[in-house]
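# A closer look at the structure
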Amino acid sequence: MKKLFYAITSLNLLFALNLAAQNKPVVDWVDPFIGNTNFGATNPGAVVPNGMMSVVPFNVMGSKDNTYDKDARWWSTPYEYNNVFFTGYSHVNLSGVGCPDLGSLLIMPTMGELDVDYHNYGSRYTGEKASPGYYSNRLAKYGILTEVTSTTRVGVHRYTFPKGQANILLNLGQGLTNESGAFVRFSNNNEVEGMKMLGTFCYNSQAVFPIYFVMHIAGGTPVKSGLWKKQRPMEGVKALWDPDQGRYKIYEGYKKDIAGDDVGAWFSFDAQDQQQIEVQVGVSFVSIENARLNLLTETKDKNFDIIHSEARETWNNDLSRILVEGGTDQQKTVFYTALYHTLIHPNVLNDVNGEYPAMEGNKTIKTETTRYTVFSLWDTYRNLHQLMTLVWPDRQTDMVRSMIDMYKEWGWMPKWELYGRETWTMEGDPSIPVITDTWLKGLHDFDIETAYEAFRKSATMQGISYSTDTIRKGGALPDSYYASLKGDFNHMRPDNSDYMRLGYVPVRSEFDNSVSHALEYYIADHSLSLLAESLGKSEDASFFEQQSLGYKNYYSPEYGTFRPKLLDGTFLSPFNPNQGMNFEENPGFHEGSAWNYTFYVPHDVGGLAKLMGGKKKFIDKLEMVFNKGYYDPANEPDIAYPYLFSYFKGEEWRTQHHVRRLLDKHYTTKPDGIPGNDDAGTMSAWAVFSMMGFYPDCPGEPSYTLTSPVFDRIIIKLDEHYWKQKELIIESNHNSPSDIYIKNIDVGGKTFKTYRISHKEFIDAGRIFFNLTSKK
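Below: a short report on this structure. (Residues numbered from 1 in each chain as written. Predicted model: local features only at pLDDT ≥ 70, side-chain atom pairs only at ≥ 80, totals over all residues. Heavy atoms only, no water.)

## A look at helix 6 (residues 329-342)
This is how the line gets drawn: Per the convention used, a helix needs a DSSP run of H or I reaching at least four residues, while a strand needs a run of E reaching at least two, with both numbered from the N terminus. Helix span, as expected, comes to 1.5 Å for every residue beyond the first. With a 1.4 Å probe rolled over the protein chains alone, any residue whose accessible area is under 20% of its type maximum counts as buried; one over 50% counts as exposed, and the rest are partly exposed. The contact definition used throughout considers only heavy atoms, calling two residues in contact when any of these lie within 4.5 Å.
Helix length check: helix 6 (14 residues) gives 20 Å between terminal C-alpha atoms against 20 Å at 1.5 Å per residue, within 8%. Summarising burial for helix 6: 12 of the 14 residues are buried, a large majority. In this fold, the buried residues of helix 6 make contact with strand 1 (46-47), helix 5 (304-319), strand 19 (322-325), helix 8 (384-391) and helix 21 (682-692).

## Considering the sheet that holds strand 14 (residues 224-230)
As a reminder, the rule being used: In this analysis, strands are considered paired if DSSP registers two or more bridges between them.
Taken in spatial order, the eight strands of this open sheet run 1-2-4-5-10-17-14-15, and their pairing is antiparallel. In the strand order of this sheet, the two ends are held by strand 1 and strand 15 (248-252), each with one partner. Summarising the sheet, strand 2 (residues 54-57) and strand 4 (residues 89-91) pair through three bridges and their orientation is antiparallel. From the neighbouring strand, Pro 57 faces strand 4, where its bridge partner is Tyr 89.

## With respect to the sheet that holds strand 31 (residues 713-717)
Convention followed: Every axis in this analysis is a line fitted to C-alpha atoms, fitted for helices over the stretch in contact. Angles between the N-to-C directions lie between 0 and 180 degrees.
Overall, mixed pairing links the six strands, which are arranged 19-31-32-36-33-34 in an open sheet. The strands lining the two open edges of the sheet, one partner per strand, are strand 19 and strand 34 (750-752). Taken pair by pair, the neighbouring strands of this sheet meet at an average axis angle of 20°, ignoring direction. Here five bridges tie strand 31 to strand 32 (residues 727-732), and the two strands are oriented antiparallel to one another. Following the sheet pairing, Lys 717 is matched in strand 32 by Glu 727.

## Here we look at empty space enclosed by the protein
Threshold: Cavity and pocket criteria rest on a 1 Å grid covering protein atoms alone: a 1.4 Å probe that fits but cannot get out defines a cavity, protein on both sides within 12 Å along at least 5 of 7 lines defines an open pocket, and an atom within 4 Å of a point defines a lining residue. Grid points are joined across faces, edges and corners, and a volume is the space filled by probe spheres set on the points. Gly counts as polar in this scheme, as do all residues outside two lists: the nonpolar Ala, Val, Leu, Ile, Met, Phe, Trp, Tyr, Cys and Pro, and the charged Asp, Glu, Lys and Arg.
Evaluated as defined, the whole model comprises six cavities of 30 Å³ or more. When its volume is computed, the largest cavity comes out at roughly 120 Å³. Lining the largest cavity are 15 residues, and of these Tyr 600, Glu 636, Pro 637, Ala 640 and Asp 697 sit closest to its centre. Its residues assigned to classes, the lining of the largest cavity comprises 11 nonpolar, no polar and four charged. Of the voids in this model, the second largest cavity is the one considered here, and its volume is about 100 Å³. Every residue lining the second largest cavity is counted, 16 residues in all, and those nearest its centre are Val 47, Ser 54, Asn 93, Ser 95 and Ile 344. Tallied by class, residues from the lining of the second largest cavity come to eight nonpolar, eight polar and no charged.

## Observations regarding the pattern of salt bridges
Which entries qualify depends on this criterion: Definition used for salt bridges: Asp or Glu carboxyl oxygen within 4 Å of a side-chain nitrogen of Lys or Arg.
Within this structure, the stated rule accounts for 36 salt bridges. Here Glu 147 makes a salt bridge to Arg 158, at a shortest N to O gap of 3.0 Å. On the criterion of sequence distance, the pair formed by Glu 147 in strand 8 (residues 144-150) and Arg 158 in strand 9 (residues 154-161) is long-range, its members being 11 residues apart. Summarising the burial analysis for this pair, Glu 147 and Arg 158 share the class buried.

## A word on the environment of Asn 120
Checked against the element boundaries, Asn 120 lands in helix 2 (residues 118-121). We classify Asn 120 as partly exposed; its relative accessible area is 39%.

## Considering the state of the cysteines
Under the convention used in this document: When two cysteine sulfur atoms are found within 2.5 Å, that pair is recorded as a disulfide.
Within the structure shown, the criterion is met by one disulfide. Note on cysteine connectivity: Cys 99 is disulfide-linked to Cys 202, with sulfurs 1.7 Å apart. The sign of the S-S torsion, about 85°, decides the handedness of the disulfide formed by Cys 99 and Cys 202: right-handed. Of the two residues, Cys 99 sits in the loop between strand 4 and strand 5 (104-111) while Cys 202 sits in the loop between strand 12 (191-199) and strand 13 (208-218), which places them 103 residues apart along the sequence. Residue class for Cys 99 comes out buried when judged on its relative accessible area of 6%.

## Focus on the packing of aromatic side chains
Test applied: Pairs were defined over the aromatic rings of Phe, Tyr and Trp, the Trp ring being its six-membered one, requiring ring centres within 6.5 Å. Orientation was assigned from the angle between planes: stacked under 30 degrees, edge-to-face over 60, tilted for the rest. Throughout this description, the term charge over a ring refers to an Arg CZ or Lys NZ atom that lies within 6 Å of the ring centre and within 35 degrees of the ring normal.
Considering all chains together, one arrives at 43 aromatic pairs under this definition. Aromatic pair Tyr 643 and Tyr 695: ring centres 4.8 Å apart, planes at 15°, arrangement stacked. Taken as a pair, Tyr 643 in helix 19 (residues 641-644) and Tyr 695 in strand 29 (residues 694-695) lie far apart in primary sequence, 52 residues in all. There is no split in this pair, since Tyr 643 and Tyr 695 are both buried. Members of the aromatic cluster, connected to one another through ring pairs, are Phe 599, Phe 618, Phe 626, Tyr 631, Tyr 641, Phe 645 and Phe 648. A cation sits over an aromatic face here: Lys 537 above Tyr 452, 5.1 Å from the ring centre.

## Some details on the pairing of strand 33 (residues 741-747)
With five of seven residues buried, strand 33 is to be regarded as a mostly interior element. Bridge count for strand 33 against strand 36 (residues 767-773) is six bridges, and the pairing is antiparallel. When the bridges of strand 36 are listed, Ile 745 appears paired with Phe 770. One ladder, built from three bridges, connects strand 33 with strand 34; its direction is antiparallel. Bridge pairing in strand 34 links Ile 745 to Phe 752. Counting the residues in the hairpin turn of strand 33 and strand 34 gives two residues, including Gly 748, whose phi is positive at 60°.

## Focus: the environment of Phe 770
Among the structural elements, Phe 770 can be located in strand 36. Given a relative accessible area of 1%, Phe 770 falls into the buried group. For the pair Phe 770 and Val 348, spaced 422 residues apart in sequence, the C-alpha to C-alpha distance is 38 Å. In contact with Phe 770, other than residues within four places in its own chain, are Gly 693, Leu 706, Thr 707, Pro 709, Ile 730, Glu 731, Ser 732, Asn 733, Ile 742, Asn 744 and Ile 745.

Dropping the structure here:
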């Protein structure tokens, strides 16, 4: 009888737990600690969807106890999961990018005698907690409970102090950016304002910009306050005259402007035990006045708890646009965390009054909609913008408008834009597939003719004139080099003269990424041909489609891969198709080997297969890429490789096998649960699409390749202002981890006989059903 009782009790408990899991708010499935190591470059800080502001724990400097230090090696994020030494919270940060920038305006609470050297005031911490819009820890050195949350443009801190002298420090000398210089001044006893220089992202030393801030103290009255500055070191007799030379000089009571490379402000309080003090930081990329306006508007009559609650609700609403049922708890956590990461970039740039800094100029412009920034387009053109178009079409429309306005403001579409500056990071012409895809899927509320004008300009304008002055003898010609060139040339396609004349980009220096450049141009030209056709420009459509097939120039039958070509049309020798793995420098290819790029022709998979000798040879070679470990799940050019099998009848099972295998292996609930750099949400978008059972494997084409979904039921809530249906339901008879192969598919109540589906068929279906089996 006891055994029966315990059995019933256990079943009831299990049922209760399952019911609780089903009713769990989707925001609680997110784990912001995923991707915080293994160079995923995500962070657990507080941010709202696509917000300008983010508040992130800064733990990458000041101690030898840390595993990674920003100044000891290449490091691109303000936080690393395995590090232990906390030196404050940084404001306005990048997530999942490969180069360091931003991550400044460091605020740190301390106790005891004032010390403004971060090596000394930094602390170990315990009790980390993070959820969308919130982060908290306890500083072991001081016993201070720290909590942060945010609005779109304001960071909000709450510090719970023990009894004693409490200090709040604003450090403007340190941060993740490589740029230096700042100024700060008191605007009243509880408030400072100022500016910090940011920029030099990915080697571009001229791509700098200011961030303006207002920092306000609430819930406590400072008994002392002041500024500090790191004094320059002196030698000889002069060193005797200044006891502060080479040290941090404290200015107590000085309330006027101070400026320098290493300056800051401080406030001290007589704290009672468990006294809470809030700090609010408003920012703007236009002016101090706008930073204050942002702060006052977004925090008016609100305390920390209210702002945190609103941030949580905002995230829950956004994440609830896609609801999933079935699958494991781990899969739900992976899915919703990935969806969370896709909603961090791009970011709002305009202030609450609509003002923003013009692209590559000194003007301030006003928008009536939303101006976005942080366009990591070489990454995100492949999948993230397709996700935005599907689920958040209103935001995608404003993102496209932002891109077109950038062209109007300075004559070029963005490539890798950062707060109004073009960094020229990576290659290609990535705005073309983004906007083409958006247009062909039915979002038309933007100036497509101006966009086409911009695209045609970059696709047909001559590139730089190569000479002994522009090619460094015996050295490389990296992408960043083009940013330093003066005069009028094709900024988007600097090697376009060769490309248009020869049909390919030849090797002109040892590591010039020539093949990678050309492959990106081919994809852009294919997209441009589709857009031209839709706009009735048939002559242009034929021309650009023909251009897009130039990839055939690079195919080497000897190696069965793409191979760099010289100016005279001969292949580069010697050649090793495996060179370039693990970021090894490689002639012709950027951050990858020939195997990472050889199948990167999503617009002509059939043509590539014919070039390789037919379907069987193509399939065998692509399968070999996976079997030998040549596939890199964190490298953009090959992330769509698993979906290419589905272009060939009878081979679709390979897509389903590899996608599920890659998800299980590389996407987990651990801190290293992203296969590498998240690239502003690109890797996460791959997981989101793949777990739902479809993927946009050819950028610019309004279609998807279908695969087996991870969940039993997926409900995508559709925006009725843009789509005919209110929702799309994807269902499967998923019974076990082995049921990953598709037996048949039902779309809108009818049997669907192919694994490629157009966006219109997909969005109008209402319901898609996958009949799954464990048999290939």
